[in-house]
Amino acid sequence: MTNFINGLLRMRRGPWEMLATILIALGVIMLMQPFALGIYTYSFVVTLVGTVMFIIVSHFPE
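Described below are features of the structure shown in this document. (Residues numbered from 1 in each chain as written. Predicted model: local features only at pLDDT ≥ 70, side-chain atom pairs only at ≥ 80, totals over all residues. Heavy atoms only, no water.)

**A short note on the overall build of the chain**
- Summing up its helical and strand segments, the chain has three helices and zero strands in all.
- The C-alpha radius of gyration computed for the chain amounts to 13 Å, which surpasses the reference 11 Å derived for 62 residues by more than 25%, pointing to a less compact arrangement than a globule.
- Principal-axis analysis of the C-alpha atoms places the extent of the chain at approximately 40 × 25 × 10 Å.
- For the chain, restricting intrachain contacts to residue pairs at least 6 apart in sequence, the fraction spanning at least 24 positions comes to 56%.
- Per element, the accessible surface of the chain, about 4600 Å² overall, is 76% carbon and sulfur. (Helix = DSSP H or I, 4+ residues; strand = E, 2+ residues; numbered from the N terminus. Rg over C-alpha atoms; globule rule 2.2 N^0.38 Å. Contact = heavy atoms within 4.5 Å. Areas by Shrake-Rupley, 256 points an atom, 1.4 Å probe, with all protein chains shown as cover.)

Printed below as a string of structure tokens:
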């Protein structure tokens, strides 16, 4: 866990890509759930933020 946090603080690609991937997956799950309209409403924004974040962090150093 400390390696993950150190990677985030040092702006390394691996941990930030994992965080972006988790955001994308969370957005898709939010999109597919049929129970809460509020969660569904923000699903596109969460997926979009994760995608843009993944594009940006793919340029970070290893």
